[in-house]
Amino acid sequence: MLSVSLVGMGRLEVALSSRAFVASDSPEGQALDRFFAVWGADEDVVIAVADGGESTLLTPERMAAMLDTASAVRLVPGVSDSRSLLELVPMLSGAVETKTPSTDPGSQSDDSGQLQALKIQQLMNDPLLVPSVLSVDGRRALLLVGLSINTDDVMELREVVTRLQQVFDREEAEFDIDWELTGGPVIRSSLLGIVIDNQRVMIPASVLAVTLLLALFFRRLHMVVLPLLAGVVPLFLLLGLMGWFDEPIGILNQFYFTLIPVIAIANGVHLLVRLQSEAGRQLGETDRNAAISRGLAGVGVACTLAALTTVAGFASLGVASMPALRHFGLYAAVGMGLMLVTTVVILPWGFSFARSPGGPFGGPLRALLEACADLATGRPLVVLGLFGLLIVAATVLALRVEPGYRLTEDLPADDTASIGAVKLDESLTGLFRLQLTLSGDSGVMRRPEVMERLDQLETRWLAMPELRTVFGPGQMKQLASRWVQSGYALPSEQEGGQALLVKLQSIPQYSNVIVPKADQGRIIVTAPDLGARQMLLLSDQLKHEAQAALNEFGVQVSATGTPLAVYGAYMGMTGSLRQGFVGMLFVITLCMAITFKSVKLALVSLIPNMVPLLLGLAMLTVLGWHLALVPAMILTLGLCLVVDDTIHLLVRYREHLGTGVGGSESIRRALAGAGEAVVVTSLLLMIGFGVNWTSDYPINREFAVVGSTVVLAALFCDLLLLPALLTVLGAERTRKFI
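Residues numbered from 1 in each chain as written. Predicted model: local features only at pLDDT ≥ 70, side-chain atom pairs only at ≥ 80, totals over all residues. Heavy atoms only, no water.

Remarks on a negative patch on the surface
On the surface, Glu13, Asp152, Asp153, Glu156 and Glu159 cluster together into a negatively charged patch. Position of glutamate 159 relative to the elements: it lies in helix 6 (residues 154–174). Take glutamate 159: its relative accessible area is 47%, and that puts it in the partly exposed class. (Patch = residues over 30% accessible without salt bridge, like charges linked within 9 Å, V, L, I, M, F, W, Y side chains within 5 Å. Areas by Shrake-Rupley, 256 points an atom, 1.4 Å probe, with all protein chains shown as cover. Salt bridge = Lys/Arg side-chain N within 4 Å of Asp/Glu carboxyl O. Lys, Arg positive; Asp, Glu negative; His and termini not counted. Charge placed at Lys NZ, Arg CZ, Asp CG, Glu CD. Helix = DSSP H or I, 4+ residues; strand = E, 2+ residues; numbered from the N terminus. Buried < 20%, exposed > 50% of the residue type's maximum accessible area, 1.4 Å probe, protein only.)

Quick word on the packing of aromatic side chains
A full pass over the atoms with the stated rule returns eleven aromatic pairs. Here tyrosine 405 and tyrosine 570 contribute two aromatic rings whose centre-to-centre distance is 3.9 Å and whose plane-to-plane angle is 5°, an arrangement assigned as stacked. Here the residue tyrosine 405 occupies a position in the loop between helix 13 (380–398) and helix 14 (416–427), and tyrosine 570 occupies one in helix 20 (residues 562–596), the gap between them amounting to 165 residues. Here tyrosine 405 matches tyrosine 570 in class, with each residue buried. A ring pair is formed by phenylalanine 689 and phenylalanine 703, whose centres lie 4.9 Å apart and whose planes are at 45°; its orientation type is tilted. Taken as a pair, phenylalanine 689 in helix 23 (residues 663–690) and phenylalanine 703 in helix 24 (residues 698–729) lie far apart in primary sequence, 14 residues in all. Judged by its relative accessible area of 1%, phenylalanine 689 is buried. In textbook terms, an aromatic cluster arises when at least three aromatic residues are bridged by ring pairs, as seen for Phe21, Tyr405, Phe432, Tyr567 and Tyr570. (Phe/Tyr/Trp six-rings, centres within 6.5 Å; stacked < 30°, edge-to-face > 60°.)

Considering the pattern of salt bridges
Taken as a whole and assessed by the stated rule, the structure comprises 15 salt bridges. Measuring nitrogen to oxygen at the nearest pair gives 3.0 Å for the salt bridge that ties glutamate 552 to arginine 453. Linking glutamate 552 in the loop between helix 19 (532–550) and strand 8 (556–560) with arginine 453 in helix 15 (residues 448–462), this pair joins segments that are 99 residues apart in sequence. What you see here is one network of salt bridges that share partners, running through Asp51, Arg140, Lys423 and Glu426.

Let's talk about the confidence of the model for the protein
Low pLDDT means the predicted atomic positions in that stretch should not be read closely. With 86% of its residues at a pLDDT of 70 or more, the protein shows a mean pLDDT of 82. Per-element confidence in the protein is highest for strand 8, whose mean pLDDT is 95, and lowest for helix 4 (residues 90–93), whose mean pLDDT is 36. Counted against residues more than four places away or in other chains, residues 734–738, with its pLDDT under 50, gives 18 contacts. (pLDDT = per-residue confidence, 0-100. Contact = heavy atoms within 4.5 Å.)

Section: the nonpolar core
Grouped burial of nonpolar side chains is what soluble globular proteins tend to show. Ranked by size, the top nonpolar core spans 215 residues in total, and within it Leu164, Phe314 and Trp461 carry the most contacts. When residues of this core are assigned to their parent elements, the largest contribution, 18 residues, is made by helix 22 (residues 629–658). With residues near it in sequence (within four places) discarded, tryptophan 461 still touches Leu436, Leu467, Val470, Ile523, Val525, Leu542, Glu545 and Ala546. (Core = buried A, V, L, I, M, F, W, Y, C linked by side-chain atoms within 4.5 Å.)

As for the side chain of glutamate 702
Here glutamate 702 is to be found in helix 24. Of the side chains with opposite charge, arginine 701 comes closest to the buried, unpaired glutamate 702, at an N-O distance of 8.2 Å.

Let's talk about the packing of helix 22 against helix 24
It is the contact of helix 22 with helix 24, at a shortest axis distance of 9 Å, that shows an interaxial angle of 30°. One finds that helix 22 runs roughly parallel with respect to helix 24. As helix 22 packs across helix 24, the resulting crossing turns out to be right-handed. Listed contacts from helix 24 to Val630, Pro631, Ile634, Leu635, Gly638, Val642, Asp645, Thr646, Leu649, Leu650 and Tyr653 of helix 22 are Ile699, Glu702, Phe703, Val706, Gly707, Val710, Val711, Ala714, Asp718, Leu722 and Leu726. Classifying every residue of the contact of helix 22 with helix 24 gives 16 nonpolar, three polar and three charged. (Axes fitted to C-alpha atoms, helices over the stretch in contact; angles between N-to-C directions. Parallel < 35°, antiparallel > 145°, perpendicular 65-115°, else oblique. Left-handed = near helix turned anticlockwise from the far one by under 90°. Nonpolar A, V, L, I, M, F, W, Y, C, P; charged D, E, K, R; others polar.)

See below:
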């Protein structure tokens, strides 16, 4: 099996396609597929932002440098074309006659200097160029790089982007212009680099931290080696399975490398601690085997139930509409099933070979557990009152959290794609690109009244402060009119209509907005990226305005584009996660009710596991974060991760209470017997989450902070809140449950 897994791991690939977040059968996915079928991919262009600093780019020397850069970029393998839209304006052809124009002040007459100044002034006042390719102050401009590769092949994409960056770095060193690369392809390339670089650091760091923690607490070789084996085997098998089923490594399942082993190790620690305790009472090889049998009988139910609740938690993500989230949950659930097999088969077998297996651990940790038991059983109302105040405060903060997402928030602020996106949003087109598709009868897009209506609509949109550029059939009409006449005035139907139509069809950008049959067209709208919620509202507004304007012509309007589809998927994930959480809550409650033979005890046991989730939400407000994909995912999965320790404590409590021991004493013995493992496993989970804090990747840091907060809060709830609840409930009433 291991050899088959090894071959499967060799088939693993890395994929960061935006389609991983958009389901093909969703409305967003279907609209995107229709768009691609007509217009092609909308994320095959790299945007290079030229920044002149404190001075204008509109000098002969700098414009020549930009043209020289465009020529150099065209030579890069994987590039189909490279051009600044400045090259399309005839007035610039006289402004830049050579790649290296003379800088001699006497080489130009005063008249030519005045002509150059006039051309620059006309350029900066041109609404078709500012701010689409040139900032209002002339200090920033765009160079667009078309790619000829499949941008979903992120490994090849990264090679092309790396080569492009090298070219721009050389040009930057030679000329006094700063270049920043951004856009969808660059963002995905940067994400890949961050994921690979971070995993190279985080995997060894997590292994080292876990090893040191196990050695510190247990100080026995087998108590270090066997848990590590329990963590590695299920991950190894899962990765092999993913390879055979062509499931790539992506933004979400990269967390498997640290999360799956730590969860498996934590589950294995509970079993090994019980075996260690039982072995301490036995002597001889025969007695050791009896100790293993007794330990499995005592903790086997708890380990199985804990594994099943974890499987249920991850499997609950299977209802998510987002493919990346759905696949993350389902494959992780399979990994948890493999973990269960590893725990109940490999660990007891390995423990049987331990040379000195027996003995309790004791020490300062035992004293801490006794103090918690004294406080929770001696002053339960005080403990419940303090937690009540904490719950109220956390609820107030949690209610302020709102879902949200931005295209570049997954990248570090100093990444070139982030810097370029900021510059785009500040003074150029803006990063967000919306596609409004128009469809109707053949020839409808060439009808004069339709063109006139689109011209009016696009002109009105250009006046909206939320938008930066609008480019569609209406703006094409203005561009054609300019090339027919010297001014911007549109020719009348009698005088210039035919000339306008001929010129319109000859413009290179014509096929970008109207198909040959003229039954379909599109309007490309750009704006600063204001986040998912605002951009979805804006796109709905524009779609409804366009539909109202074109209804009488039988033209149907649809809003689409990769950024919009991804935003729609992100905002829709909250509903999927809510459904998954409800399903997971039901399954966990049912499993615990069956195990403990009481619905009441199952419901009581959920209280200390819901509080950490509330505190996790409150932490988002404290840090000023919104509810994005990863925090929402962790909060959904949090219940299945933290309930495991509660299960082990309740099983121990049930054992002691069933022997006739009083309620308070049963709580003390439960904490003494399982409390050490609870503390160790909580610390292990915190390592699994917390190691991601070292990442440059913001999404990893969210994973670390939210996950660690939930686990730490769950530890305090298990050691204090759960015993206080059981104490108030009372031993006699609890026995009825059992």
